[in-house]
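# Observations on the model geometry
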Amino acid sequence: MRHEYRPPRRRSRLTRRGRLALFLGMLLATGAAALVPLLRSAEAPEKPRGLTIPEGWRAPQVYAAIDRELKLPAGSTKAAVPTAALALPAEAKGNPEGFLFPATYPVTSKSTPATLLAYMVQTANRKLATKAVADGAKAHGMTPYQTATLASIIEAEAESRADRGKVARVVHNRLARSMPLQMDSTINYALNRNTVDTTLSETRIDSPFNTYERQGLPPTPIDSPGLEAMAAAVAPTPGDWLFFVTVKPGDTRFSATYEEHRKHVAEFNRIRAAAGAGPGSGAGGHDGEQAARAQAGSRAG
C-alpha cells in the first residue's frame, strides 16, 4: 500500500522578542489579579459617627437633630414619619412621641431619616416593652402605652432618681382619687415651650394636654422617657403625697395635704421674689385656688 509522503510539520517558535512580550503580559495579568484584592482590603470600613438623643427630648427636637446630622433641609425627618413603617403601638396612631428612645445611635453615609427613626423605635420597644413594664402597667390598671405617657411626665418633672419615684407616686395618687394631674409640663407641651411660669389663663387653654382642665393622662407622651423614668412609673415610691414643688434646684418638697403644700409654695415664691422674679406656677401663681403644685425645676426638653 502506497503512502502519501507528508513533510514533517514545523513547530512555530517564538522569537526572543515574542517570548519577552508573552512573559511581560503574563506578569501584568497576574499582578492585576493580585492588585484587586489588595485594593479592596485597603479600603477601610466607614466609621460611624454618633447621634445622641438625651432623655426628655420631644419628637420635634429629635427630628431637627436628625436633619442636622444628615445635612437635610429642615422638616425632612418629620415628613418621613408617615412612610417610615415604624413599629409603634396601635394606641400611638402613628405618632412616635415617647418612642424615640434616648440613646446614642450610629450614623453612616447610608443612614436615612426612616432608618434612624426605625432604630429608635425598635430600641424603645426592646428597652421599654418588657414583661416587667407590662406587669407593672397591668398592676396599675394601665396599658404599656399609658405607662410610657406617665413616664414622660416623670421625665419632665423630676430632677433626680429619688424625685422620679415620688413624682410617680403623686401622679398615681391623683389618678386614684380622680384628681386632675395639673402638671405644668403638659401645658408646656401644648404650647410648645419650656418654662417654669404658668399663668392662670394658660391653665384654661383648650387642649387635650391641659391636665388642669382634663382628668387623666394626656393622650400621648410629652417627651422621650429614659429607663429610670419608666421604672418609676411602674414601681413608684410608697407614699401618700398629692402635691410637690421644687423650692429651688435640688430641693423638691412633697406634701400629702394642701396646707403643707401652700407653705412650701410660699417659700418658693419668697425665693423667687428675692431673686427678682414674680410668683411661680401652679398654686404659687394662683393664690392656691387651683389646689395644684408649683414646679420651679421642670426640665422638659
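Look up a bit, the structure's there.
Residues numbered from 1 in each chain as written. Predicted model: local features only at pLDDT ≥ 70, side-chain atom pairs only at ≥ 80, totals over all residues. Heavy atoms only, no water.

## So, the nonpolar core
Among the nonpolar cores identified, the biggest contains 54 residues, and Leu51, Ile66, Leu86, Leu100, Met120 and Ile154 are the most heavily contacted of them. Elements represented by at least two residues in this core include exactly α2 (59–69), β2 (104–107), α4 (113–128), α5 (131–139), α6 (144–157), α7 (161–176) and α9 (227–234). Residues in contact with leucine 51, not counting those within four places in the same chain, are Ala65, Ile66, Glu69, Ala103, Thr104, Tyr105, Val107, Leu116 and Met120. (Core = buried A, V, L, I, M, F, W, Y, C linked by side-chain atoms within 4.5 Å. Buried < 20%, exposed > 50% of the residue type's maximum accessible area, 1.4 Å probe, protein only. Helix = DSSP H or I, 4+ residues; strand = E, 2+ residues; numbered from the N terminus. Contact = heavy atoms within 4.5 Å.)

## With respect to the packing of α6 against α9
Two numbers describe how α6 lies on α9: the axes approach to 8 Å, and their chain directions differ by 115 degrees. The element α6 and its partner α9 pack so that their crossing is right-handed. Counting all contacts with α6, which are made through Pro144, Thr147, Ala148, Leu150, Ala151, Ile154 and Glu155, the residues of α9 involved are Ala229, Met230, Ala232, Ala233 and Val234. Here the contact of α6 with α9 is composed, by residue class, of ten nonpolar, one polar and one charged. (Axes fitted to C-alpha atoms, helices over the stretch in contact; angles between N-to-C directions. Left-handed = near helix turned anticlockwise from the far one by under 90°. Nonpolar A, V, L, I, M, F, W, Y, C, P; charged D, E, K, R; others polar.)

## Section: the packing of aromatic side chains
The geometry of an aromatic ring pair comes down to the distance between the two centres and the angle between the two planes. Enumeration over the complete set of coordinates arrives at six aromatic pairs. Geometrically, the ring pair formed by tryptophan 241 and phenylalanine 254 is tilted, given 5.8 Å between the ring centres and 55 degrees between the ring planes. Residue tryptophan 241 is found in the loop between α9 and β3 (243–248), and its partner phenylalanine 254 is found in strand β4 (residues 251–255); the two are separated by 13 residues along the sequence. Per residue, the accessibility class of tryptophan 241 equals that of phenylalanine 254, and both read buried. Taken together, Trp241, Phe244 and Phe254 form an aromatic cluster joined through their ring pairs. (Phe/Tyr/Trp six-rings, centres within 6.5 Å; stacked < 30°, edge-to-face > 60°.)

## A closer look at the environment of phenylalanine 254
Judged by its relative accessible area of 10%, phenylalanine 254 falls in the buried class. Distance from phenylalanine 254 to valine 170, taken between C-alpha atoms, is 8.5 Å for residues 84 residues apart in sequence. When near neighbours in sequence (up to four residues on either side) are disregarded, phenylalanine 254 contacts Asp163, Lys166, Val167, Val170, Trp241, Phe243, Phe244, Glu260 and His264.

## A word on the packing of α6 against α7
The relative placement of two packed helices is expressed as an angle between their axes plus a distance between the axes. Contact pair α6 / α7: the axes reach a minimum separation of 9 Å and the direction vectors enclose 130 degrees. Taken as axis vectors, α6 and α7 run oblique relative to one another. Here α6 runs over α7; the crossing is right-handed. Of α7, the residues touching α6 (which contributes Leu150, Ile154, Glu155 and Glu157) are Arg164, Val167, Ala168, Val171 and His172. (Parallel < 35°, antiparallel > 145°, perpendicular 65-115°, else oblique.)

## Section: the environment of glutamate 97
Residue position: glutamate 97 is located in the loop between α3 (76–80) and β2. Accessibility expressed as a relative area gives 1% for glutamate 97, which makes it buried. As for glutamate 97 and valine 121, which are separated by 24 residues in sequence, their C-alpha atoms are 9.7 Å apart. For glutamate 97, the residues in contact, after removing those within four places along its chain, are Trp57, Arg58, Ala59, Pro60, Tyr189, Pro221, Ile222, Asp223 and Ser224. A polar atom in the side chain of glutamate 97 sits 2.9 Å from the backbone nitrogen of alanine 59. (Polar contact = N/O pair within 3.5 Å; in protein donor to acceptor, adjacent residues only side chain to side chain.)

## A short note on the pattern of salt bridges
Two side chains with opposite charge may pair up if their charged atoms get near one another. What the rule picks out here adds up to nine salt bridges. In this structure, glutamate 69 and arginine 49 form a salt bridge, with 2.5 Å as the shortest nitrogen-oxygen distance. Placement of glutamate 69 in helix α2 and of arginine 49 in strand β1 (residues 49–52) is noted, with a sequence separation of 20 residues between them. According to the relative accessible area criterion, glutamate 69 is buried, its value standing at 19%. (Salt bridge = Lys/Arg side-chain N within 4 Å of Asp/Glu carboxyl O.)

## A closer look at helix α10 (residues 258–274)
In a regular helix each residue adds 1.5 Å, so 17 residues correspond to 24 Å; α10 covers 24 Å between its end C-alpha atoms and thus fits that length. The secondary structure elements touched by the buried residues of α10 are β3 and β4. Two residues or fewer past α10, glycine 276 is found with a positive phi of approximately 90 degrees. (Expected span 1.5 Å × (residues − 1).)

## Section: α7
The terminal C-alpha atoms of α7, which comprises 16 residues, lie 23 Å apart, in line with the 22 Å expected from a rise of 1.5 Å per residue. Those residues of α7 not exposed but buried are Asp163, Arg164, Gly165, Val167, Ala168, Arg169, Val170, Val171, His172, Asn173 and Arg174. In this structure, the buried residues of α7 make contact with α6, α9, β3 and β4. Of the residues flanking the end of α7, it is serine 178, one or two places downstream, whose phi is positive at about 55 degrees.

Interpretation note: all reported values are geometric properties and have no functional meaning in isolation.
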